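What follows is each chain in one-letter form.
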Amino acid sequence: MTSAPGPQRPSAAVYRRRRIVVGVAALVILGLIVWGAVAGIGALASAIGGKPAASQSQSTQVPQGSATPSDEASSPSGTPAGANPDGSCPAAAVQIKASTDKASYTAKEKPVLQLELVNTLKVACKANVGPSVQEFIVTSGTDRIFSTKDCQKDAQDYEIQLEPGKTEQANFTWQRNRTQPGCTPVAAEPRPGTYTLQVKLGKTTSEKVQFRLN
């Protein structure tokens, strides 16, 4: 009686295919384990308020209109920090204002025109306030009535020390006369009405102020 043949031994090629399948399966399992570990770390970082390393490496953009520390440190004040090296006042540091001693004058009164100046620095400085740089101008509408420069001769400098925040004043008594450039004589005299005064100190010009002659 013939016995049934026993199980045959797999060939070498079959063994190789089995090893390849097992190896691929191991790599897939290992990849899933690594992915799960990374996802767990990211979730843990999010839970405690942190960020993954990739997010932390991104640069932060400042919204438009926000001030950076450098902007705040260099914010200009619009006023010079101090006097010039020679001790003189920077032009922008001296503010001037036109004024009169009264708002209205009778027919016999002569207006006192005034130039007020103040040092806006926190330190003292020197300023030339002499007739060489002063000018008092009186107008009526578009009509130029008077200027101290029209008949000025041998105008001198006059330097003073301006203390910080202190106001100084220069006065000029107007004879209620008209003048023209070159000091050409003018027969007409200013009539009663409203007039405007403007003063200058070097290249700095004041706002206009009104007064009345009766």
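Note that the coordinates shown come from a computational prediction; the quantities given were computed from them, not determined experimentally.

## Examining the state of the cysteines
Phase 1: Counted under the stated rule, the structure contains two disulfides.
Phase 2: Residue cysteine 89 pairs covalently with cysteine 125 via a disulfide, S to S 1.9 Å. On the sign convention where negative means left-handed, the S-S torsion of about 95 degrees between cysteine 89 and cysteine 125 marks this disulfide as right-handed. Placement of cysteine 89 in the loop between α3 (69-73) and β1 (94-100) and of cysteine 125 in strand β4 (residues 125-128) is noted, with a sequence separation of 36 residues between them.
Phase 3: When its relative accessible area of 11% is taken as the criterion, cysteine 89 is described as buried.
Phase 4: With its sulfur 2.0 Å from that of its partner, cysteine 151 forms a disulfide with cysteine 183. Disulfide cysteine 151-cysteine 183: the torsion about the S-S bond is 100 degrees, which places it as right-handed. Placement of the pair is cysteine 151 in the loop between β6 (143-147) and β7 (159-162) and cysteine 183 in the loop between β8 (167-173) and β9 (193-201), with a sequence separation of 32 residues.
Phase 5: Numbered by order of appearance in the sequence, the disulfide-linked cysteines of the chain pair as 1-2, 3-4.

## Here we look at the sheet that holds β1
Phase 1: Reading across the sheet, the three strands line up as β1-β3-β8 and stay open at both edges, with antiparallel pairing between neighbours. Single-partner strands in this sheet number two, and they are β1 and β8. The mean inter-strand angle of the sheet, taken between neighbouring strand axes irrespective of direction, is 20 degrees.
Phase 2: Note: β1 against strand β3 (residues 112-119), seven bridges, orientation antiparallel. If you follow threonine 100 over to β3, its bridge partner there is leucine 113.

## Things to note about the packing of aromatic side chains
Phase 1: As enumerated under the stated definition, the model contains seven aromatic pairs in all.
Phase 2: With 6.3 Å between their ring centres and 85 degrees between their planes, tryptophan 174 and phenylalanine 211 make a pair best called edge-to-face. Of the two residues, tryptophan 174 sits in the loop between β8 and β9 while phenylalanine 211 sits in strand β11 (residues 209-213), which places them 37 residues apart along the sequence. Taken as a pair, tryptophan 174 and phenylalanine 211 share a single burial class, namely buried.
Phase 3: Ring geometry for tyrosine 195 and phenylalanine 211: centres 6.1 Å apart, planes at 25 degrees, overall stacked. Residue tyrosine 195 is found in strand β9, and its partner phenylalanine 211 is found in strand β11; the two are separated by 16 residues along the sequence.
Phase 4: Aromatic ring contacts, followed pair by pair, group Tyr105, Phe136, Phe146, Phe172, Trp174, Tyr195 and Phe211 into a single cluster.

## Some remarks on the side chain of threonine 196
Phase 1: In this structure, threonine 196 sits in strand β9.
Phase 2: With near-sequence residues (within four places) excluded, threonine 196 lies in contact with Ile137, Val138, Thr139, Lys208, Val209, Gln210 and Phe211.

## Some details on the side chain of threonine 148
Phase 1: Inspection of the secondary structure assignment puts threonine 148 in the loop between β6 and β7.
Phase 2: Here phenylalanine 136 takes part through its backbone nitrogen, which lies 3.0 Å from a polar atom of the side chain of threonine 148.
Phase 3: With near-sequence residues (within four places) excluded, threonine 148 lies in contact with Gln134, Glu135, Phe136 and Phe172.

## Regarding unusual backbone geometry
Phase 1: Of note, aspartate 154 is a non-glycine position whose phi angle comes to about 50 degrees, a positive value.
Phase 2: Structurally, the position occupied by aspartate 154 is in the loop between β6 and β7.
Phase 3: You can call aspartate 154 exposed: its relative accessible area is 69%.
Phase 4: Residue arginine 176 is not a glycine yet carries a positive backbone phi of 60 degrees.
Phase 5: Checked against the element boundaries, arginine 176 lands in the loop between β8 and β9.

## So, the layout of surface pockets
Phase 1: Approximately 260 Å³ is the volume attributed to the largest pocket.
Phase 2: If you go around the largest pocket, you meet 15 residues; those closest to its centre are Cys89, Ala91, Val94, Asn128 and Leu201.
Phase 3: Among the elements that line the lining of the largest pocket, the one with the most residues is β4, at three residues.
Phase 4: For the lining of the largest pocket, the residue count by class is seven nonpolar, five polar and three charged.
Phase 5: Reported here for the second largest pocket is a volume of approximately 180 Å³.
Phase 6: Lining the second largest pocket we find Pro131, Gln134, Phe136, Phe146, Ser147, Thr148, Cys151, Gln152, Asn171, Phe172, Asn177 and Thr179.
Phase 7: Every element with two or more residues in the lining of the second largest pocket is listed here: β5 (134-140), β6 and β8.

Cut-offs applied
Residues numbered from 1 in each chain as written. Predicted model: local features only at pLDDT ≥ 70, side-chain atom pairs only at ≥ 80, totals over all residues. Heavy atoms only, no water. Disulfide = S-S within 2.5 Å. Helix = DSSP H or I, 4+ residues; strand = E, 2+ residues; numbered from the N terminus. Buried < 20%, exposed > 50% of the residue type's maximum accessible area, 1.4 Å probe, protein only. Pairing = 2+ DSSP bridges. Axes fitted to C-alpha atoms, helices over the stretch in contact; angles between N-to-C directions. Phe/Tyr/Trp six-rings, centres within 6.5 Å; stacked < 30°, edge-to-face > 60°. Contact = heavy atoms within 4.5 Å. Polar contact = N/O pair within 3.5 Å; in protein donor to acceptor, adjacent residues only side chain to side chain. 1 Å grid on protein atoms, 1.4 Å probe; cavity = no way out; pocket = protein on both sides within 12 Å on 5 of 7 lines; lining within 4 Å. Points joined across faces, edges and corners; volume = space filled by probe spheres on them. Nonpolar A, V, L, I, M, F, W, Y, C, P; charged D, E, K, R; others polar.

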